[in-house]
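Chain and residue survey
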Amino acid sequence: MLGVQEVEHKGVVIGVNPKCVTDMKKNFVNMLNNPQKIHPSLYLNLEAMDYDGKTVLWVYVPVSSQIEFCDKKIFDRNEDADQDVSVSADLVANISNRKSSTYIERKIFPYADMDDLCVDLIGKARQMAVNRDREHPWRNMDDTELLKSAGLYEKNRVTGEEGLNMACILLFGKAEVIQSCVPGYKTDAIYRVKNVDRYDDRLIVENNLIESYDILMQFISKHTDDRFFLIDNVNISVRSAIAREIVSNILVHRDFGSAFPAKLIIERDKIYTENWNRTQRIGKLELDDFTPYPKNPILSKFFVNIGYADGLGSGVRNLYKFTKIYSGGEPDLEEGDVFRLTVPLINNSSENSAIDDENSAIGNDNPAVDGKNLAIETEKLAIDGKNSVIEDEKLVIGNENPAIKVNEKIIKKINMAIEENKFNEPTRLRILLIYRKIGEGKVFGTSDIVQISGCSSSTARELLRKLRKMNVVEKVKGNGKGRYMFISE
C-alpha cells in the first residue's frame, strides 16, 4: 500500500501525488517484469482509491505457488524483517514445503500391509465412532473398507502407486514400523517443577497416534490439578478439556516430514508445546483474527470421527474458553516454522495472584506483599495507598545508577497506563523497577527483564506484552528479534 505512513505504531494516510499515479503504476509493472529484480515475473496491478480526499495505491499479493527471487536472492519474512535465506538449503526447503499442495501424510508405502498395523486399534476406532453416532458409516465396514473410507488406503492416480499411506501408519502402525517409515517421529513429554535444570518426570512417546493420545492425556492428568468447576450446573473437568485440545493439536497439526522432536512440557505455572509446522502465516494467532488451515486433513478428519478433536478451528476457541475458566488467563499460540502453544495454569495478572515459589518476584526469595509495601532485593518502593501511584511519583531505590536516564513524566505516564489497565500491585512494581533500571534510550528484551527482576522467562514475556499494551515501549529494528525501547516524551 502506497500513501500510508506508520506513526506511533498506527497507519496514517498521507496519500500520494495524484499527478504521479500513472507513472507509479507503470514503474511498478515494469519492475515486476524485470528479471533482474523479480523472477519469475508477477502479474500484479496497483489500484487507486480515494480516502478522505487523498489518493492511496494498493495491491493484493496472493501466495505464489513458486519461490520468488528478488535481486537474485530468496527472502523469507521473519517478524518485521526480510531474512536472506538464499544460502540455506533447509530454509529454502521450508519455503518450498509451505507452497507445496502435497500433504506428506498422503505418502504411500506400497509394501506396507495389515501385518504392520495394530489391527485391534482399528476395531477400537470403529467402536469410538459408533459411540458418537450410532448410524456412523464405519459401523458395517470391515477393516479394509474402513481404511479406504477414511483415506488411509489410497491409490495415486498419477503414479499408479497403491497401498497404506503415512497417515495410516501413524494412526495404527506398530512402533518398529513407524520408526522405519517416519524416523523423525516422537513426542517428548517433560514435567519440570522442582528440578528446573533437567526434569522431574519424562516420557519419550514413539507409539502410534491412537496410543500416544492416551499416554499424553494420562501424563497431563498425572501432573496437573483437576479443579472443580460447575458449568450450567454440571461438574465439568476443565483440565481434561484443555488437555484434549493440547494433545490433539501436537499429534495432528504437525509436520511429520521434519525430524524436529515435538515437545510437551509442564511447568509450575504453564503447559507449553513445540512442534515443527507447515506454516501459512507467521505471528501470534488471535481468537478474532485467524483462519484455520488443515496441516494434515486426513488425520484431522479421523480424530474428529473418533471424538479426539472437533471441527476445524474449534480447538482455538475451546482453548480460549476453557483456559479462561481454569486459570483466568489466555492461551498464547504463535505460528512459525515451529508452532508454539502456551496455556497458563496460574493467572499471574489476576488481583489474587501470588508471587511464585520459583522467585518470579523481583530478586527476593521470600517477598512480602501487604498491599502497601513490597520488599524487592534491598530496595524499597513507597506506594501511595489511595491513588496507587508512587509517592511523589518517585521510586525510592538505593544506589540508583546516575548514568540511567529516567524521566518522571514517563513514570507518571506508566502509572496512568497501569491504572487504566487495572494491573495489580506486584505487576506495577515490576514494571516501574524495569523502567528505573533501563531508563530512556536503551534497547532491551526478555532476557534483560529476567536479569533485572529475577523472574522466569514466561513472566518476563508477559511483562513485555503488558508494556506493549500500555503503549510505553516501541519495537526497535536492526537489533535482533524482540527488542524494545521505552518511548521518550
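Residues numbered from 1 in each chain as written. Predicted model: local features only at pLDDT ≥ 70, side-chain atom pairs only at ≥ 80, totals over all residues. Heavy atoms only, no water.

Some details on the packing of helix α13 (residues 446-453) against helix α14 (residues 457-469)
Between α13 and α14, the least distance of the axes is 9 Å, while the angle of their chain directions is 110 degrees. What the angle tells us is that α13 and α14 run roughly perpendicular. As for the relative orientation of α13 and α14, their crossing is right-handed in sense. Contacts from Thr446, Ile449 and Val450 in α13 reach Ser457, Ala460, Arg461, Leu463 and Leu464 in α14. When the residues that make up the contact of α13 with α14 are grouped by side-chain class, the tally is 5 nonpolar, 2 polar and 1 charged. (Axes fitted to C-alpha atoms, helices over the stretch in contact; angles between N-to-C directions. Helix = DSSP H or I, 4+ residues; strand = E, 2+ residues; numbered from the N terminus. Parallel < 35°, antiparallel > 145°, perpendicular 65-115°, else oblique. Left-handed = near helix turned anticlockwise from the far one by under 90°. Contact = heavy atoms within 4.5 Å. Nonpolar A, V, L, I, M, F, W, Y, C, P; charged D, E, K, R; others polar.)

Some thoughts on the pairing of strand β19 (residues 332-335)
The alternating pattern of β19 places Leu333 and Glu335 on a buried face and Asp332 and Glu334 on a face that is not buried. When β19 meets strand β20 (residues 338-344), the two strands line up antiparallel, connected through 3 bridges. Bridge assignment links Glu334 to a residue of β20, and that residue is Arg340. Two successive antiparallel strands, β19 and β20, enclose a turn made up of 2 residues. (Buried < 20%, exposed > 50% of the residue type's maximum accessible area, 1.4 Å probe, protein only. Pairing = 2+ DSSP bridges.)

Points about the sheet that holds strand β9 (residues 108-109)
Spatially, 3 strands are ordered β9-β11-β10 in an open sheet, and the strand pairing comes out antiparallel. Either end of the sheet is taken by a strand with one partner, and the two such strands are β9 and β10 (153-155). Pairing geometry for β9 and strand β11 (residues 162-165), over 2 bridges, is antiparallel. The residue bridging Ile108 from the neighbouring strand is Asn165, located in β11.

A closer look at the packing of aromatic side chains
Per the stated rule, a full pass over the model turns up 10 aromatic pairs. Relative to Phe303, the ring of Tyr213 has its centre 6.2 Å away and its plane inclined at 80 degrees; by these criteria the two rings are edge-to-face. Remark: Phe303 occurs in helix α9 (residues 297-305) and Tyr213 occurs in helix α7 (residues 209-223); sequence separation between them is 90 residues. What makes Tyr213 buried here is its relative accessible area of 6%. Geometrically, the ring pair formed by Tyr213 and Tyr308 is stacked, given 3.6 Å between the ring centres and 10 degrees between the ring planes. Taken together, the residues Tyr213 in helix α7 and Tyr308 in the loop between α9 and α10 (314-326) connect sequence positions 95 residues apart. Judged on exposure class, the residue Tyr213 and its partner Tyr308 are both buried. Through successive ring pairs, a cluster of aromatic residues spans Trp138, Phe172 and Phe302. Its end group placed over the ring of Tyr326, Arg227 keeps NZ or CZ at 4.1 Å from the ring centre. The positively charged end of Lys466 is found above the aromatic ring belonging to Phe423, 5.1 Å away from the centroid. (Phe/Tyr/Trp six-rings, centres within 6.5 Å; stacked < 30°, edge-to-face > 60°. Lys NZ or Arg CZ within 6 Å of the ring centre and 35° of its normal.)

Overview of the pattern of salt bridges
The final tally for this structure, using the stated rule, is 19 salt bridges. Among the salt bridges present, the one from Glu419 reaches Arg428, with a minimum N-O distance of 3.3 Å. By sharing partners, the salt bridges in this structure join Arg192, Glu267, Asp269 and Lys270 into a single network. (Salt bridge = Lys/Arg side-chain N within 4 Å of Asp/Glu carboxyl O.)

Details of a nonpolar patch on the surface
On the surface, Met1, Val4, Met49, Tyr51, Trp58 and Tyr60 cluster together to form a nonpolar patch covering roughly 640 Å² of accessible area. Along the chain, Val4 turns up in strand β1 (residues 4-7). (Patch = residues over 30% accessible without salt bridge, like charges linked within 9 Å, V, L, I, M, F, W, Y side chains within 5 Å. Areas by Shrake-Rupley, 256 points an atom, 1.4 Å probe, with all protein chains shown as cover.)

Quick notes on the layout of surface pockets
Put simply, the largest pocket is a space of about 1,700 Å³. Forming the boundary of the largest pocket are 43 residues, of which Lys284, Asp332, Arg461, Arg465 and Arg468 lie nearest the centre. Sorting the residues of the lining of the largest pocket by element identifies β17 (270-276), β18 (283-284), α10, β19, β20 and α14 as the ones contributing at least two each. When residues of the lining of the largest pocket are assigned to their parent elements, the largest contribution, 9 residues, is made by α14. For the lining of the largest pocket, the per-class residue count stands at 10 nonpolar, 12 polar and 21 charged. (1 Å grid on protein atoms, 1.4 Å probe; cavity = no way out; pocket = protein on both sides within 12 Å on 5 of 7 lines; lining within 4 Å. Points joined across faces, edges and corners; volume = space filled by probe spheres on them.)

A look at the packing of helix α11 (residues 408-421) against helix α12 (residues 425-438)
When two helices pack together, you describe them by how their axes are tilted relative to each other and by the distance separating the axes. Remark: α11 packs on α12, axes separated minimally by 11 Å, with the N-to-C direction vectors making an angle of 155 degrees. Between α11 and α12, the crossing angle belongs to the class labelled roughly antiparallel. Considering how the two elements wind past one another, α11 and α12 form a crossing that is right-handed. Each of Glu408, Ile410, Ile411, Ile414, Asn415, Ile418 and Glu419 in α11 lies in contact with α12, whose residues at this interface are Arg428, Ile431, Leu432, Tyr435 and Arg436.

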